[in-house]
Amino acid sequence: MSLLNNYFKLQESGTNARTEVIAGVTTFLTMAYIIFVNPSILGDAGVPKDAVFVATCLAAALGSLMMGLYANYPIGMAPGMGLNAYFAYAVVLGMGVPWQTALGAVFISGCLFILVSVFGLRAMIVNGIPHSLRTAITVGLGLFLGLIALKSAGIVVASPATMVTAGDLRSAPAIMAIIGFLLIVTLDRLRVRGAILIGMMAVTVASFFFGGNTFKGLVSAPPSLAPTLMQLDISGAIGVGILNVVLVFFLVELFDATGTLMGVASRAGLLVDGKMERLNRALLADSAAIVAGSALGTSSTTAYIESAAGVQAGGRTGLTAVVIALLFLACLFISPLAGVVPAYATAPALLFVACLMLRDLGNIDWEETTESIPAAICAVAIPFTYSIAHGIAFGFITYAMLKLLTGRAREVKVIVWLIAAAFTFKYAYVGA
């Protein structure tokens, strides 16, 4: 106990080992849904589901362990929602990029993340990109995720006349997905720990009675990781185009990680003069987890905002994150359970996360149209083009042009000009 106290500075942080363990279990329950959702999403893109399950557990465990032991923060990590959807539906299925090449793009973005963290460029990039566009990317991701969720549940289907339309709302998958979503929201409002996981499990159980699902067991040895381990194609990722894929992964990872880390640290009272003392360590842990996750065979790993649940339970040090890591490792032995979760059971979880991502809309200054219009263009273009890359591009180009045309070019930071110019060049000479 004294060793734990000395390493994690438990007493100095006003906590103890028992509280940290409870906090770790609490956070784990709120984010454990990812071990079911991630294989389902990446599986749609042709990545072997069983291997993705193992990669998800290992990446989450490794990332959380680094966050706990190296940065000493009570923050859990796992493959990020939104980024996995972009990986599967926009890059692999939408652009026709092999999943091995997409993993290579994730690897490169992680290496870039490490470089900006080591050389202190993170602050320059984050501060250089306007708050309105950062918010718009999050909101656009939410809309994108919501569309995917509704499609997975059969609530929204393709239509040759109107592009999209309502599906058969009397079908068992649609009904179960709707009930699952309402259950998740209700449980979350009642502050029930693991609301998302409970909702998904409830729909999965119902699927055995109403959806023709079959039980395949509960516990077994972990599946083989070989189908995805070190299968990333780095040279192919460079050939696909840095702007189309790598830059999107990098920007979203950077904003998501920084925002989540600051948000959770603030709730835990770990900010000193409004700053995180070990932010660079936390970002290095985050970026190293991205690189490791891509090598294992999963999309970008990131810090989870659900860590706030553990902070609420008293978590203040990296011991909380270590507990999260150990629980993810234990999950390696429940792969049969993960294999029976249907897409319409994960859809409610995706839709709930999507709704939460839309709340940032209120942070945009809608009266200043040179800020709000580019943000709206960015957010709307992401789901309508089925591409986060195009959404970001349209947003940055619109922002730069409106500032220039209204005589406010001095408000635009260099990084925005560079990104807008790069995307403009790409559309002019390479095409969409």
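Whatever comes next refers back to the structure up there.
Rules used in this analysis
Residues numbered from 1 in each chain as written. Predicted model: local features only at pLDDT ≥ 70, side-chain atom pairs only at ≥ 80, totals over all residues. Heavy atoms only, no water. Salt bridge = Lys/Arg side-chain N within 4 Å of Asp/Glu carboxyl O. Helix = DSSP H or I, 4+ residues; strand = E, 2+ residues; numbered from the N terminus. Buried < 20%, exposed > 50% of the residue type's maximum accessible area, 1.4 Å probe, protein only. Pairing = 2+ DSSP bridges. Phe/Tyr/Trp six-rings, centres within 6.5 Å; stacked < 30°, edge-to-face > 60°. Axes fitted to C-alpha atoms, helices over the stretch in contact; angles between N-to-C directions. Left-handed = near helix turned anticlockwise from the far one by under 90°. Contact = heavy atoms within 4.5 Å. Nonpolar A, V, L, I, M, F, W, Y, C, P; charged D, E, K, R; others polar. Core = buried A, V, L, I, M, F, W, Y, C linked by side-chain atoms within 4.5 Å. Expected span 1.5 Å × (residues − 1). Parallel < 35°, antiparallel > 145°, perpendicular 65-115°, else oblique. Patch = residues over 30% accessible without salt bridge, like charges linked within 9 Å, V, L, I, M, F, W, Y side chains within 5 Å. Areas by Shrake-Rupley, 256 points an atom, 1.4 Å probe, with all protein chains shown as cover. Polar contact = N/O pair within 3.5 Å; in protein donor to acceptor, adjacent residues only side chain to side chain.

Caption draft 1: View of the pattern of salt bridges. Evaluation of the coordinates by the stated rule reveals 5 salt bridges. Across the salt bridge formed by Glu 368 and Arg 408, the nearest N and O atoms sit 2.9 Å from each other. One end of the pair, Glu 368, is in the loop between helix H17 (343-357) and helix H18 (369-384); the other, Arg 408, is in the loop between helix H19 (388-405) and helix H20 (414-429), with 40 residues separating them in the sequence. With relative accessibility at 27%, the residue Arg 408 sits in the partly exposed group.

Caption draft 2: View of the pairing of strand E3 (residues 163-166). In terms of strand pairing, strand E2 (residues 156-159) meets E3 through 4 bridges, oriented antiparallel. For Val 157, the partnering residue across the bridge sits in E3 and is Thr 165. Remark: 3 residues form the turn of the hairpin made by E2 and E3, two consecutive strands paired antiparallel.

Caption draft 3: Geometry of the packing of aromatic side chains. Counting across every chain of the model gives 7 aromatic pairs. Where Tyr 86 meets Phe 249, the ring centres are 5.2 Å apart and the plane angle is 70 degrees; that geometry is what we call edge-to-face. Linking Tyr 86 in helix H5 (residues 83-95) with Phe 249 in helix H12 (residues 242-267), this pair joins segments that are 163 residues apart in sequence. Of the two residues, Tyr 86 and Phe 249, neither departs from the other in class, the shared state being buried.

Caption draft 4: The packing of H19 against H20, seen in detail. Between H19 and H20, the least distance of the axes is 9 Å, while the angle of their chain directions is 115 degrees. Crossing of H19 against H20: the hand is left-handed. Mapping the contact onto sequence places Ala 389, His 390, Ile 392, Ala 393, Phe 394, Phe 396, Ile 397, Tyr 399, Ala 400 and Leu 404 in H19 and Val 416, Trp 417, Ile 419, Ala 420, Phe 423, Thr 424 and Tyr 427 in H20. Partitioning the contact of H19 with H20 into residue classes produces 15 nonpolar, 2 polar and no charged.

Caption draft 5: Local environment of the nonpolar core. Counting 133 residues, the largest nonpolar core has Tyr 86, Phe 87 and Phe 328 as its most contacted members. If one sorts the elements of this core by residue count, H12 sits on top with 14 residues. The next biggest cluster of nonpolar side chains, apart from the first, holds 5 residues, and it includes Leu 10, Ala 17, Leu 319 and Val 322.

Caption draft 6: View of H17. Between its first and last C-alpha, H17 extends 21 Å over 15 residues, near the 21 Å set by a 1.5 Å rise per residue. For H17, every residue scored as buried is listed here: Tyr 344, Ala 345, Thr 346, Ala 347, Pro 348, Ala 349, Leu 350, Leu 351, Phe 352, Val 353, Ala 354 and Met 357. Looking at the packing, one finds that the buried side of H17 touches helix H3 (34-44), helix H8 (131-152), helix H9 (172-189) and helix H10 (195-210).

Caption draft 7: Expanded view of the packing of helix H6 (residues 99-118) against helix H13 (residues 279-296). The geometry of H6 relative to H13 is characterised by a closest axis approach of 8 Å and an angle of 160 degrees between their N-to-C directions. In this view, H6 runs roughly antiparallel relative to H13, as classed from their interaxial angle. Handedness of the crossing formed by H6 with H13: left-handed. Residue-level inspection shows Leu 103, Val 106, Phe 107, Ser 109, Gly 110, Cys 111, Phe 113, Ile 114, Ser 117 and Val 118 of H6 in contact with H13, the latter providing Asn 280, Leu 283, Leu 284, Asp 286, Ser 287, Ala 288, Ile 290, Val 291 and Ser 294.

Caption draft 8: Highlighting the environment of Gly 297. In this fold, Gly 297 is placed in the loop between H13 and strand E6 (301-303). Take Gly 297: its relative accessible area is 1%, and that puts it in the buried class. C-alpha separation for the pair Gly 297 and Gln 100, spaced 197 residues apart in sequence, amounts to 8.5 Å.

Caption draft 9: Representation of a nonpolar patch on the surface in the model. On the surface, Leu 112, Leu 115, Val 118, Phe 119, Leu 121 and Met 124 cluster together to form a nonpolar patch covering roughly 570 Å² of accessible area. Broken down by element, the residue count for the nonpolar patch peaks at 3 residues, all from H6. By relative accessible area, which is 33% here, Leu 112 ends up partly exposed.

Caption draft 10: Focus on the side chain of Thr 301. Mapping Thr 301 onto the fold places it in strand E6. Sequence-distant contacts of Thr 301, that is, excluding residues within four places in its chain, are made with Ala 59, Met 77, Ala 78, Pro 79, Gly 80, Asp 286, Ala 289, Ile 290 and Gly 293.

Caption draft 11: Highlighting the environment of Ser 117. Looking at the secondary structure, you find Ser 117 in helix H6. For Ser 117, a relative accessible area of 0% puts it in the buried group. Considered as a pair, Ser 117 and Asp 286 are 169 residues apart in the sequence and their alpha carbons are 10.0 Å apart. Beyond its immediate stretch of four places on either side in the chain, Ser 117 contacts Asn 280, Leu 283, Leu 284 and Ser 287.

Caption draft 12: Here's a closer look at helix H15 (residues 318-330). In this model, H15 (13 residues) spans 19 Å end to end at C-alpha, consistent with the 18 Å of a helix rising 1.5 Å per residue. Within the span of H15, buried status applies to Gly 318, Leu 319, Thr 320, Ala 321, Val 322, Val 323, Ile 324, Ala 325 and Phe 328. Residues of H15 that are buried make contact with helix H1 (2-8), helix H2 (17-31), H3, helix H4 (49-71) and strand E1 (77-79).

Caption draft 13: Seen up close, the side chain of Ser 159. With respect to the helices and strands, the residue Ser 159 is situated in strand E2. You can call Ser 159 buried: its relative accessible area is 15%. Looking at Ser 159, its side chain comes within polar contact range of the side chain of Thr 162, at 3.2 Å. What Ser 159 contacts, discounting residues up to four positions off in sequence, is Val 164 and Thr 165.

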